[in-house]
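Each chain is listed here by its residues.
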Amino acid sequence: MKTRILGKTGFKVSEIGLGCWQLGNDFGDLSEQDAQAILDQAHTSNISFWDTADVYGSGLSETRIGNWLKQNNQSASKPIVITKVGRDAGLYPDKYSKQKVKLNLESSIKRLQVEALDLVQLHCVPPDILFAGELLSWMEEFQQQGLIKHFGASVETIEEAEFCLTQSNIASLQIIFNIFRQDATKYLLKQAAENQVGIIARLPLASGLLSGKMSADRQFSQNDHRNYNKDGDFFNVGETFNGLALHTGVDLANELKASLPGHLNLHQVAMRWILDQPEVTSIIAGTTQQAQVIANAQISDLAQLPADLHKTLANFYQTKVKQHIRGQI
Ligand SMILES: NC(=O)c1ccc[n+]([C@@H]2O[C@H](COP(=O)([O-])OP(=O)(O)OC[C@H]3O[C@@H](n4cnc5c(N)ncnc54)[C@H](OP(=O)(O)O)[C@@H]3O)[C@@H](O)[C@H]2O)c1
């Protein structure tokens, strides 16, 4: 597993990370045992960068990671665990206060069973709250107080991301970034590198569409966001299937699959394309299966994609995909 440096933090992290939303049971139910097996597998596969949030399963994802950290406290290599604050019902969308944010961070510290948080990301807070800047100044105070080591932001749109890149105190930026959501290559990546902001790519597989195994008639359980949020009824539509209607996304994925070189499958192309962008620090693919963790980790060993394939993918996105994405990019 190759590593990269995460922006201003200096943390050396695996270029394939682990998305831990799934550990909060928002992709169907996962037992404690299965959740611990995923974390064990990530550790064994040298995936040393884990992304969670205080709200994933109302704290369940953080608690499970905390249990793993406690069980493995003798391990020579510890993962960097990054979490988020800002979407808890006590804060979102307009009840933010310094005291309440601090209390939430202290709760994350307890659940994760650590002394200080490695990195906290503002979690898709409303744009006007983000742009006002107060939250970022509170984060600076929490950093000085030793509650958090570093902070960054997870955002929905290019506009929010561009704002974050003008803030000198932000260490990392988490964006939706995949072969069906390529705009950051044009607007963000270069500036992020110049400002020493680490880019964390979420939804690398567009919620599984880009695994190459999704079908339009797949049924999702009631507590899977790919069921209840498929049209953006509960949160930003872009977070589910990248903003694509399931049948459209499956059709596009199948069409793209047919134009790939024989030795690479869609999953490999989708993940490797992200790693081919040197400004990206890590890809946080989420999963509920150990075999998927292994397959994701293996992408780090693949060769870069050929230049003509990069051209094909850029053209496919611009001419076929972008027009179908619902929600603001
Ligand atoms: N606002 C935010 O900050 C925010 C929002 C969303 C996500 N995130 C973070 O980003 C992470 C990743 O996003 P995501 O999980 O929504 O999207 P994703 O990584 O694009 O998709 C995850 C899904 O892809 C499938 N998959 C994963 N690895 C696979 C493999 N090797 N082969 C085949 N299928 C595979 C699994 O679905 P199947 O069930 O179909 O197998 C899995 O649940 C989350 O876990 C979370 O940590 C943050």
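Here we summarise the structure given alongside this text.

Parameters and conventions
Residues numbered from 1 in each chain as written. Predicted model: local features only at pLDDT ≥ 70, side-chain atom pairs only at ≥ 80, totals over all residues. Heavy atoms only, no water. Core = buried A, V, L, I, M, F, W, Y, C linked by side-chain atoms within 4.5 Å. Buried < 20%, exposed > 50% of the residue type's maximum accessible area, 1.4 Å probe, protein only. Helix = DSSP H or I, 4+ residues; strand = E, 2+ residues; numbered from the N terminus. Contact = heavy atoms within 4.5 Å. Arc of directions from axis to C-beta. 1 Å grid on protein atoms, 1.4 Å probe; cavity = no way out; pocket = protein on both sides within 12 Å on 5 of 7 lines; lining within 4 Å. Points joined across faces, edges and corners; volume = space filled by probe spheres on them. Nonpolar A, V, L, I, M, F, W, Y, C, P; charged D, E, K, R; others polar. Salt bridge = Lys/Arg side-chain N within 4 Å of Asp/Glu carboxyl O. Pairing = 2+ DSSP bridges. Disulfide = S-S within 2.5 Å.

## Some thoughts on the nonpolar core
- With 90 residues, the main nonpolar core has Trp50 and Leu173 as its most contacted residues.
- Among the elements that make up this core, the one with the highest residue count is helix 11 (residues 266-275) (7 residues).
- Excluding anything up to four places from it in sequence, Leu173 contacts Ala153, Val155, Ala161, Cys164, Leu165, Val197, Gly198, Ile199 and Ile200.
- Residues Leu6, Phe49, Leu119 and Ile284 belong to the second largest nonpolar core, which totals 10 residues.

## Focus: the side chain of Ser207
- Considering the arrangement of structural elements, one finds Ser207 in the loop between strand 9 (198-202) and helix 9 (225-228).
- Here Ser207 is in contact with Met214, His225, Arg226, Glu239, Thr240, Phe241 and Asn242, once residues within four sequence places are set aside.

## With respect to unusual backbone geometry
- That bond from Tyr92 to Pro93 is cis: its omega, 5 degrees, falls within 30 degrees of zero.
- Mapped onto the fold, Pro93 is located in the loop between strand 5 (80-85) and helix 3 (98-112).
- Backbone geometry at Asn25 places phi at a positive 65 degrees, although glycine is not the residue there.
- One non-glycine residue, Ser207, lies in the positive phi region at around 60 degrees.
- On the accessibility criterion, Ser207 (12% relative accessible area) is buried.

## What to know about helix 12 (residues 290-298)
- For helix 12, the full list of buried residues reads Val293, Asn296 and Ala297. Looking straight down helix 12, one finds that the buried residues subtend no more than 100 degrees of arc, so they occupy a single side.

## Quick notes on the environment of Gln318
- Of note, Gln318 is situated in helix 13 (residues 307-321).
- In the structure, Gln318 is positioned 36 residues away from Ser282 in sequence and 24 Å away in space, judged by C-alpha atoms.

## Describing the layout of surface pockets
- In this model, the second largest pocket occupies a volume close to 340 Å³.
- Where the lining of the second largest pocket is concerned, the elements lending two or more residues are helix 2 (60-71), strand 5 and strand 6 (117-123).
- In terms of residue class, the lining of the second largest pocket is made up of 10 nonpolar, 3 polar and 5 charged.

## Regarding empty space enclosed by the protein
- A complete count under the given rule lists 1 cavity of 30 Å³ or more for this structure.
- The volume enclosed by the largest cavity comes to roughly 90 Å³.
- Looking at the largest cavity, it is lined by 13 residues, and the ones nearest its centre are Glu156, Ile158, Ile175, Ile176 and Arg181.
- Across the lining of the largest cavity, the residue classes break down as 8 nonpolar, 2 polar and 3 charged.

## Focus on the pattern of salt bridges
- Under the defined criterion, the tally for this structure stands at 14 salt bridges.
- By sharing partners, the salt bridges in this structure join Glu156, Arg202 and Glu239 into a single network.

## Concerning the pairing of strand 7 (residues 148-154)
- Where burial is concerned, most of strand 7 is hidden: 6 out of the 7 residues are buried.
- Sheet topology places strand 6 next to strand 7; 6 bridges connect them, and they run parallel. Counterpart to Gln121 in the pairing with strand 7 is Gly152.
- Where strand 7 meets strand 8 (residues 172-176), 2 bridges bridge the pair, whose relative direction is parallel.

## Re helix 11
- In terms of residue burial, helix 11 counts as a mostly covered element, since 9 of its 10 residues are buried.
- Of all the residues in helix 11, the buried ones are Leu266, His267, Val269, Ala270, Met271, Arg272, Trp273, Ile274 and Leu275.

## Some points on the pairing of strand 3 (residues 16-19)
- With burial as the criterion, each face of strand 3 is covered, one bearing Ile16 and Leu18 and the other bearing Gly17 and Gly19.
- Across 4 bridges, strand 3 lies against strand 10 (residues 280-286) in parallel orientation. Of the residues in strand 10, the one forming a bridge with Leu18 is Ala285.

## As for the state of the cysteines
- Applying the stated criterion across every chain yields a total of 0 disulfides.
- The structure places no disulfide on Cys124, whose sulfur is separated from the nearest cysteine sulfur, that of Cys164, by 10.0 Å.

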